[in-house]
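Residue-level structural notes
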Amino acid sequence: MTKFDTLVQQLKYRVLKEVAKDYWDGTLEEKKAGIPKVIAPGPKATMRCCVYKERAIAADRVKLALGGDKSNPNLLEVIEAACDECPFGGITVTSDCRGCLAHRCAQACRLNCISFGDDLRAHIDKNKCVNCGMCMKACQFGAIINRRRPCEASCKIGAIHARPDGISEIDEEKCTRCGQCSYACPFGAIMDKSYITKCIDIIKESEGGAKYKTYMIVAPSISSQFHYAKLGQVVTGIKALGFTDVVEAALGADLVALNEAKDLSEEGFCTSSCCPAFVRYVNTAFPTLAGKVSQNLSPMAAIAKYIKHIDPTGKTVFVGPCIAKKMEMFREDSAPYVDCVITFEELQALIDARDIDLTKLEEKPLDNASYYGRIFARSGGLSDAVRQALKEQNIDFEVKPVAVSGLDQCKMALTQAKNGRLQGNFIEGMACPGGCIGGPCCLTHEVRDAADVDKYGHESKETTMLGAANAAMADPKIASTRKGE
């Protein structure tokens, strides 16, 4: 059965699955050079120019599956051997140029980059061109295009560029770790570091719950994943891996929304803090607005914090579609509560590494959160939840949310806020298009259906956030979502 959208995802999954299987069984071989031999391409090349290149790339994928380059602070790494096929050239005149008389392209160019040869067609001087795109907009034939690599085009903040040798490079200072480039690359040349072996260690060292309990915290966007099985079967499958319990991050979302509503009414303006890639973008690109980011933990960290309060020895593992959550795991405000983060791709690899067939399992319920906590997975969900939280807590404040998804939309809203022109008092920012359901490590990206999220929300037994919090919490007083508390 098809579990992924692309063959690139399937290739990444195969590596993760084999690494997980061998690591779990204690049979992971290591060469003298320290490179595990998990996947060895056959005697003939099937995807690259030669088998030697395929083996080099496979070795790099295994390294990333085992945590990647520890000296590189970024969670995303470029596999250089895999990155050599995409053309690059920026603004380019195509063969569609008709050699017209209007020459609007040349008139639009303020740097005089465009000339006309004996063939009467336009030519761009690349030594002068700055890729502003004015000529492209002026051409009535659409004969001028911006030829950009898929990874560059997917990065809305310009954090990726080509080195002189043609290999893509990630700007560490700009990169938010949103990971959209990793899904966009048609060669799978950008891959995130995996902590799948750390997750396995947590499960194995718990000794079946005898030493400590293990909790998997599932992101609300799980409702749009695993379409080949029922959600209740996925819950059963997670427990079959060795987890003591499965908890919804959506319950943390309920808690965050309740506290966010209070803070918003007191501050008058703030941005959300749920998406770590958005928070990093604010801090790096809009430092003057950094103080306006909500001081609440993300739903992941909020519910992990509560779990640690009621079970100090317990271990928490978060699973979702997000690469940036792996960054959040190491942040000072989240590190004490979140022990490991994996993605939906990695969860699928773990399940298959243990030969668990989800479709044959019984269903177990997942009843922790309210409708409003569950709809955090889609753009606009947090805004709806904050509005409801104000109502439930009888707070007299009119929220005017601006829900944006994708870093291009986030940039626009933050720029307006910086210049005092934002028509709203709350920015709900999500780095991925459509929200978390558009995360780079979803099993399926082609179907980003917010209706699945809403349907999942309506299946909740709790109709209010306060009801969900009171029903689930042993002591709601210790469920603070504020950083540093």
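Reading the values: rules and limits
Residues numbered from 1 in each chain as written. Predicted model: local features only at pLDDT ≥ 70, side-chain atom pairs only at ≥ 80, totals over all residues. Heavy atoms only, no water. Helix = DSSP H or I, 4+ residues; strand = E, 2+ residues; numbered from the N terminus. Rg over C-alpha atoms; globule rule 2.2 N^0.38 Å. Buried < 20%, exposed > 50% of the residue type's maximum accessible area, 1.4 Å probe, protein only. 1 Å grid on protein atoms, 1.4 Å probe; cavity = no way out; pocket = protein on both sides within 12 Å on 5 of 7 lines; lining within 4 Å. Points joined across faces, edges and corners; volume = space filled by probe spheres on them. Nonpolar A, V, L, I, M, F, W, Y, C, P; charged D, E, K, R; others polar. Contact = heavy atoms within 4.5 Å. Pairing = 2+ DSSP bridges. Phe/Tyr/Trp six-rings, centres within 6.5 Å; stacked < 30°, edge-to-face > 60°.

Per an unreviewed UniProt entry, the recorded name for the protein chain is 4Fe-4S dicluster domain-containing protein, and the organism is Candidatus Alloenteromonas pullicola.

1. So, the overall build of the protein chain
Along its length, the protein chain carries 18 helices and 15 strands. Relative to the compact-globule value of 23 Å for 485 residues, the protein chain shows a C-alpha radius of gyration of 24 Å, a close match. Its C-alpha atoms put the protein chain at 80 × 65 × 40 Å along the principal axes. Here the protein chain, with 485 residues, has 55% of them falling under the buried criterion.

2. Thoughts on empty space enclosed by the protein
On inspection of all chains with the given rule, the structure shows three cavities of 30 Å³ or more. The volume enclosed by the largest cavity comes to roughly 300 Å³. Taken together, 25 residues make up the lining of the largest cavity; nearest its centre are Cys274, Cys275, Cys322, Lys325 and Cys436. Residue assignment for the lining of the largest cavity shows that the elements contributing at least two residues are α9 (249-267), α10 (276-285), α11 (299-310) and α12 (324-328). When its residues are assigned to classes, the lining of the largest cavity shows 21 nonpolar, three polar and one charged. By volume, the second largest cavity is sized at about 150 Å³. Partitioning the lining of the second largest cavity into residue classes produces eleven nonpolar, three polar and two charged.

3. Let's talk about helix α8 (residues 231-240)
Most of α8 is tucked away, with seven of its ten residues classed as buried. When we look at burial in α8, the residues that qualify are Gly232, Gln233, Val234, Val235, Thr236, Gly237 and Ile238. At its buried positions, α8 is contacted by β9 (214-218), β10 (245-248) and α13 (344-353).

4. Points about the pairing of strand β12 (residues 315-320)
Counting buried residues in β12 gives five out of six residues, a clear majority hidden from the surface. Sheet analysis places β9 next to β12, joined by five bridges and oriented parallel. From the neighbouring strand, Met216 faces β12, where its bridge partner is Val317. By the bridge criterion, four bridges tie β12 to strand β13 (residues 340-343) in an arrangement that is parallel. Residue pairing in the sheet places Val317 in a bridge with Cys340 of β13.

5. Here we look at unusual backbone geometry
With a phi angle near 55 degrees, His103 is a residue other than glycine that sits in the positive phi range. For His103, the position within the fold is in the loop between β2 (90-93) and α3 (104-108). Its relative accessible area of 27% is what places His103 among the partly exposed residues. Not every positive phi belongs to a glycine, and Phe226 is a case in point at roughly 50 degrees. Structurally, Phe226 is set in the loop between β9 and α8. A residue is classified by how much of its surface remains accessible, and Phe226, at 3% relative accessible area, is buried.

6. Overview of the packing of aromatic side chains
This structure, assessed with the given rule, holds six aromatic pairs. Centre to centre, the rings of Phe4 and Tyr13 are 5.0 Å apart; their planes meet at 45 degrees, and the pair counts as tilted. Accessibility expressed as a relative area gives 6% for Phe4, which makes it buried. Taking 5.7 Å as the distance between ring centres and 80 degrees as the angle between the ring planes, the aromatic pair formed by Tyr281 and Phe286 counts as edge-to-face. Pair check on accessibility: Tyr281 and Phe286 agree, each one buried. One aromatic cluster is present, built from ring pairs that chain together Phe226, Tyr228 and Phe344.

7. With respect to the side chain of Ser154
Within the fold, Ser154 resides in helix α5 (residues 150-154). With relative accessibility at 16%, the residue Ser154 sits in the buried group. Setting aside residues no more than four positions away along its own chain, Ser154 makes contact with Gln180, Cys181 and Ala184.

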